[in-house]
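Chain residues, written in single-letter form:
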Amino acid sequence: MRTKAYGTATGPVAGFLENPVIGMAPWILFSLLVGPGRFEIAVGVALVAVVTLIVLSRLVNRGTTWKLLELADVVFFAALAVIGALASEGTLRWLETYAGEVANITLAVIAFGSMAVGMPFTIQYAREQVDPALWHTPGFVRTNYVITGVWGLAFLVAALAGAFGDLVLHNPNNIWTGWIIQILAIVAALKFTVWYPDVVRARATREATGQGPEPPRLAGLLLPLAGLLVPIGIAVLIFDDMWWLGVALIVAGSLLTKSLQSQNQAAPAPPEARGTP
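Quick caveat, the model's predicted, so the values are computed rather than measured.

Q: Provide a residue-level description of unusual backbone geometry, including the pertinent values.
A: A positive phi angle, close to 55°, is found at His-170, a residue other than glycine. Along the chain, His-170 falls in the loop between helix H7 (138-168) and helix H8 (175-209).

Q: Describe in detail helix H10 (residues 243-265), supporting the description with residues and values.
A: With 23 residues, H10 extends 33 Å between its outermost C-alpha atoms, agreeing within 8% with the 33 Å of an ideal straight helix rising 1.5 Å per residue. Residues of H10 that are buried in the fold lie against H8 and helix H9 (218-239).

Q: For the pattern of salt bridges, give the residues involved together with the corresponding values.
A: Throughout the structure, instances matching the rule amount to three salt bridges. One salt bridge in this structure joins Asp-198 and Arg-201, with 2.6 Å as the shortest N-O distance. Here Asp-198 and its partner Arg-201 are both found in helix H8, three residues apart, which amounts to about one turn of the helix. Judged by relative accessible area, Arg-201 falls into the partly exposed class, the value being 34%.

Q: Would you mind going over a nonpolar patch on the surface in detail, with residue names and values included?
A: Taken together, the side chains of Ile-234, Leu-237, Ile-238, Phe-239, Trp-243, Trp-244, Val-247, Val-251 and Leu-255 define a hydrophobic patch exposed on the protein surface, amounting to about 990 Å² of accessible area. Of all the secondary-structure elements, those providing two or more residues to the nonpolar patch are H9 and H10. Per-element accounting of the nonpolar patch gives the leading share, five residues, to H10. Residue position: Val-251 is located in helix H10.

Q: Got a sec to walk through the packing of aromatic side chains? Specific residues and values, please.
A: Overall, the coordinates contain ten aromatic pairs when judged by the stated rule. Relative to Tyr-98, the ring of Trp-94 lies with its centre 5.3 Å away and its plane at 45°, an arrangement referred to as tilted. Taken as a pair, Trp-94 and Tyr-98 lie in helix H5 (residues 89-116) at a separation of four residues, close to a single helical turn. On the accessibility criterion, Trp-94 (45% relative accessible area) is partly exposed. Among the residues examined, Tyr-98 registers a relative accessible area of 23% and is labelled partly exposed. The rings of Trp-27, Phe-30, Phe-39, Phe-76 and Phe-77 are connected pair by pair, giving a single aromatic cluster. It is Lys-67 that lies over the ring of Tyr-125; its NZ or CZ is 5.2 Å from the centre.

What counts, and at which threshold
Residue positions are given per chain, counted from 1 along the sequence in the order it is written. Thresholds applied to this predicted model are a pLDDT of at least 70 for local features of residues and 80 or more for the giving and counting of side-chain atom pairs; totals over whole chains, interfaces and linings are not thresholded and use all residues. Note that the side-chain values use all heavy atoms of the structure and ignore hydrogens as well as water. Strands here are runs of E lasting at least two residues and helices are runs of H or I lasting at least four, both read from the DSSP assignment and numbered beginning at the N terminus. One fewer than the residue count of a helix, multiplied by 1.5 Å, yields its expected span. Only heavy atoms enter the contact rule, under which two residues are in contact if any of them lie within 4.5 Å. The term salt bridge refers to a pairing of a side-chain nitrogen on Lys or Arg with a carboxyl oxygen on Asp or Glu at a separation within 4 Å. The classification of residues rests on relative accessible area computed with a 1.4 Å probe and restricted to protein chains. Under 20% of the type maximum is buried, over 50% is exposed, and intermediate values are partly exposed. Each patch is assembled from residues with relative accessible area greater than 30% and no salt bridge, linking like charges that lie within 9 Å and nonpolar side chains (Val, Leu, Ile, Met, Phe, Trp, Tyr) that lie within 5 Å. Every accessible area reported is derived by Shrake-Rupley at a probe size of 1.4 Å, with residue values counting cover from the shown protein chains alone. Note on aromatic contacts: the rings of Phe and Tyr and the six-membered ring of Trp form a pair at centre separations within 6.5 Å, being stacked when their planes are under 30 degrees apart, edge-to-face when over 60 apart, and tilted otherwise. The criterion is that NZ of a Lys, or CZ of an Arg, lies within 6 Å of the ring centre and within 35 degrees of the ring normal, and then a charge sits over that ring.

Set out below in structure tokens:
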């Protein structure tokens, strides 16, 4: 069973707000929305998301402290809003083209920089969900280094994909570099954030007691990515000229999803599913 939250509030809303993914939501929204003619909309949506999440976090968890990612959210998007309001047409066109890469690179720097100074940014969220006695244990710290590193890599991949579309293909709206690759990188990091702590807990339990559930299988991590191949194939059929690739992705996604579902269902049920306390 998952450890009870140790913040000032409990429940699904509190748990939702204590997830590091929520702190990255404004950045993800911005990097996916921004593009030619959409800079102001993307900044506006991101700012609304930032303010809403911070207000909700303070209302639900009144004792919560400011986190590195929250501060970065406020500073980055407020600065973009001011720059966008005062920018010349040339600067605004540059921002419309490259602001997505700037946001993704900034997040990658935050992720790797927080690791370099010994405070991976996910650890501030994780500490609100576990007993303080675990905060400095090697397993807890190492888990947050790994998850933070995966997020850093995901945003680096998204930045490189966007830069390739802008600088090499000269097409910011390219379906692959502007959407598919970036979405796959984010979804992979999202799923890993949920999957990996369960693996660590299961391994630690088995090492300490010699019994307990088996760690979740790799199929559980890959299943959501395989499931995305079908809608990606449909999008390629609609928006791209390579119809054969769209058909191949749909077929491959369907077959791979079925195979991974069989592997995942064959794994022993977690203790929650068996009613184990």
